[in-house]
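Listed below are the residues making up each chain.
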Amino acid sequence: MAPVIIELQEASWANPIILVTGQHRELLHSVLADLALTPDIDFDIMKSGQDLVEVVGTLTMRLGKIIDELTPDIIVAQGDTASVLAASLSSFLKKIPFAHVEAGLRSGDLTSPYPEEFNRRVATLATTLHFAPTEGARQKLLQEGIEPEAIHVTGNTVIDAVRIASSSSSLPVHALPEDRVIVLLTLHRRENFGDRARQIFAAVDRFARQRSDIHFVYPVHPNPNINELAHSLLGKNPAVTLLPAQGYLAMIALIKRAKVILTDSGGVQEEAPFLGKPVLVLRTETERPEAMEQGLAKLVGYDQHRLEEELARLLDDEAAYQRMARKSHVFGNGFAAQKVSQSIKSFLNM
């Protein structure tokens with residue numbers, strides 16, 4: 001969302017107000033600092049042990065009050081989080097136009113990713129301006145009955161952020177072995193909690209112990225369902241570096257440093273192909289099929305043997321690696337925020 005915010009801040013016709021909900025506070029502060037953004041409103045809603053019902057209920061009520069106070073002309077949110085669900089619902093109930101950045105992504109399974117697939121489908125019902133990252137996302141929206149004139153194919157704004165960050169001369173340098181091939185792992189989705197995470201971590205642990213040429217690096221998500229298990233199963237492996245959650249610039253630096261990416265992240269599935277890094281997706285489906293269709297990413301799920309087999313193939317078969325290690329603009333060319341800003345301006349007749 002940062003590229004859109006920056007674009008609106010620089011526009012003479014716009015007065016953007018930045019509201020953050022305060023989820024994953026450790027990650028939020030580092031990202032805001034990396035991108036030089038200061039929120040105008042911070043709900044700071046997170047507390048230990050609360051469930052999704054409480055999060056969505058609290059957000060919806062507080063957003064409703066803020067809308068009454070500020071009377072905005074339009075509300076813009078990105079992605080498929082609880083924040084987006086609450087923002088779209090509040091906008092609809094308050095009869096305020098809602099613009100959805102990254103609209104039209106679908107896995108086809110309400111339980112995976114959970115609850116993101118539900119969040120984005122519901123948000124679509126309340127959306128006035130649909131900013132679809134790809135033509136495929138546009139087609140999904142058309143199939144659901146969205147009027148063509150309400151859909152704008154922009155590319156994904158995350159690619160704007162990658163373009164800006166990857167050209168930075170101040171990307172962090174991580175202390176990782178120089179004589180090893182670096183494999184970057186990220187894992188955080190709810191559907192991978194429990195047994196799936198155990199299987200993935202077991203495969204990584206075994207692979208790392210068998211290969212003296214490989215070193216894994218894993219910025220561990222702060223959620224205790226993942227954090228504690230990761231340290232328990234991988235913490236004693238000398239060929240695995242467990243890092244705390246990283247800031248945005250640090251993550252881009254890690255993607256650029258790695259040879260292969262293992263991830264269940266949606267954003268990383270887009271960032272890595274833009275930077276020419278092959279992606280093995282630790283899920284059984286994806287709402288970003290474009291990378292699969294171009295041969296830049298592959299679904300491997302959480303089966304240990306499949307994961308090890310596909311990783312070994314990429315590391316040992318240079319031809320197979322080169323087929324996947326191609327820089328691509330499949331998710332945009334890095335200028336989506338300009339299109340989003342112009343579409344909002346046109347909608348508001350500014």
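Above this text you will find the structure in question.
What counts, and at which threshold
- Residues numbered from 1 in each chain as written.
- Predicted model: local features only at pLDDT ≥ 70, side-chain atom pairs only at ≥ 80, totals over all residues.
- Heavy atoms only, no water.
- Salt bridge = Lys/Arg side-chain N within 4 Å of Asp/Glu carboxyl O.
- Helix = DSSP H or I, 4+ residues; strand = E, 2+ residues; numbered from the N terminus.
- Buried < 20%, exposed > 50% of the residue type's maximum accessible area, 1.4 Å probe, protein only.
- Contact = heavy atoms within 4.5 Å.
- Pairing = 2+ DSSP bridges.
- Axes fitted to C-alpha atoms, helices over the stretch in contact; angles between N-to-C directions.
- Phe/Tyr/Trp six-rings, centres within 6.5 Å; stacked < 30°, edge-to-face > 60°.
- Lys NZ or Arg CZ within 6 Å of the ring centre and 35° of its normal.
- Right-handed = clockwise from strand over helix to strand, strands pointing away.
- Core = buried A, V, L, I, M, F, W, Y, C linked by side-chain atoms within 4.5 Å.

Visitor: Just give me the short version of the pattern of salt bridges, but keep the residues and values in it.
Guide: All chains considered together, the criterion is met by 22 salt bridges. A salt bridge links Glu-144 to Arg-106; the nearest nitrogen and oxygen atoms lie 2.7 Å apart. Residue Glu-144 is found in the loop between helix 6 (135-143) and strand 6 (151-153), and its partner Arg-106 is found in the loop between strand 4 (98-101) and helix 5 (116-126); the two are separated by 38 residues along the sequence. In this structure, Glu-310 and Arg-313 form a salt bridge, with 3.2 Å as the shortest nitrogen-oxygen distance. Here the residue Glu-310 and the residue Arg-313 both occupy positions in helix 13 (residues 304-316), the gap between them amounting to three residues, near one helical turn. For Arg-313, a relative accessible area of 26% corresponds to the partly exposed category. Where salt bridges share partners, they join Asp-80, Glu-102, Glu-117, Arg-120, Arg-121, Glu-191, Glu-270, Arg-283, Glu-285, Glu-287 and Arg-288 into one cluster.

Visitor: Before we move on, could you go through helix 5 and cite the residues and values that matter?
Guide: Inspection of helix 5 places Glu-116, Glu-117, Asn-119, Arg-120, Ala-123, Thr-124 and Ala-126 among the buried residues, and these make up the whole buried set. Contact partners of the buried residues in helix 5: helix 4 (82-93), strand 4, strand 5 (129-132) and helix 6.

Visitor: Run through the sheet that holds strand 8 (residues 214-219), naming residues and quoting values.
Guide: The six strands are arranged 9-8-7-10-11-12 in an open sheet whose pairing can be described as parallel. At either margin of the open sheet sits one strand with a lone partner, and together these are strand 9 (240-243) and strand 12 (297-299). Put simply, the sheet's adjacent strands are angled 20 degrees from each other on average, direction ignored. Sheet topology note: the strand 11 (residues 279-281)/strand 12 ladder contains three bridges and is parallel. When the sheet's bridge partners are listed, Val-279 is paired in strand 12 with Ala-297. The sheet contacts of helix 13 involve strand 7 (181-186), strand 8, strand 10 (260-263), strand 11 and strand 12, and relative to strand 10 the element is tilted by about 160 degrees.

Visitor: An account of the packing of aromatic side chains is needed here, citing residue identities and associated values.
Guide: Using the criterion set out here, one finds two aromatic pairs in the structure. Taking 5.7 Å as the distance between ring centres and 45 degrees as the angle between the ring planes, the aromatic pair formed by Phe-201 and Tyr-218 counts as tilted. Of this pair, Phe-201 sits in helix 8 (residues 195-210) while Tyr-218 sits in strand 8, placing them 17 residues apart in sequence. As far as the burial class goes, Phe-201 and Tyr-218 line up, both buried. Where Phe-207 meets Phe-216, the ring centres are 6.2 Å apart and the plane angle is 85 degrees; that geometry is what we call edge-to-face. Using a relative accessible area of 5% as the deciding quantity, one classes Phe-207 as buried. The class for Phe-216 is buried, based on a relative accessible area of 1%. Here the basic side chain of Arg-163 rests over the ring of Phe-335, its NZ or CZ set 4.1 Å away from the ring centre. Over the ring of Tyr-321 we find Lys-259, and its NZ or CZ is 3.9 Å from the ring centre.

Visitor: Which residues make up the pairing of strand 9, and what values go with them?
Guide: Here strand 9 shows a buried face lined by Val-240 and Leu-242 and a second buried face lined by Thr-241 and Leu-243. The sheet contact formed by strand 8 and strand 9 spans four bridges and is parallel. When the sheet's bridge partners are listed, Phe-216 is paired in strand 9 with Val-240. For the segment spanning strand 8, helix 9 (residues 224-234) and strand 9, crossover handedness is right-handed.

Visitor: Describe the nonpolar core, with residues and values.
Guide: Leu-187, Phe-201, Phe-216, Tyr-218, Leu-262, Leu-282 and Leu-311 are the most contacted members of the largest nonpolar core, which totals 35 residues. Elements with a contribution of two residues or more to this core: strand 7, helix 8, strand 8, helix 9, strand 9, strand 10, helix 13 and helix 14 (318-324). Core analysis: the second largest hydrophobic core is formed by 31 residues, Leu-254, Ala-258, Val-279 and Leu-296 among them.

Visitor: Can you lay out the pairing of strand 8 for me, pointing to particular residues and giving the numbers?
Guide: Extensive coverage of strand 8 is indicated by the burial of six of its six residues. Residue alternation in strand 8 divides its side chains into two sets, Ile-214, Phe-216 and Tyr-218 and His-215, Val-217 and Pro-219, and both sets are buried. With four bridges connecting them, strand 7 and strand 8 associate as parallel partners. Residue pairing across strands places Val-183 opposite Phe-216, the latter belonging to strand 8.

Visitor: Give a description of the sheet that holds strand 4 that names residues and reports values.
Guide: Read from one edge of the open sheet, four strands run 3-4-5-6, paired in parallel fashion. The open sheet has two edge strands with one neighbour each: strand 3 (75-78) and strand 6. Ignoring strand direction, the axes of neighbouring strands in this sheet form an average angle of 20 degrees. Bridge analysis of strand 5 against strand 6 gives three bridges, and the strand direction is parallel. For His-130, the partnering residue across the bridge sits in strand 6 and is Ile-151. Across the sheet, helix 6 touches strand 5 and strand 6, and the angle it forms with strand 6 is around 165 degrees.

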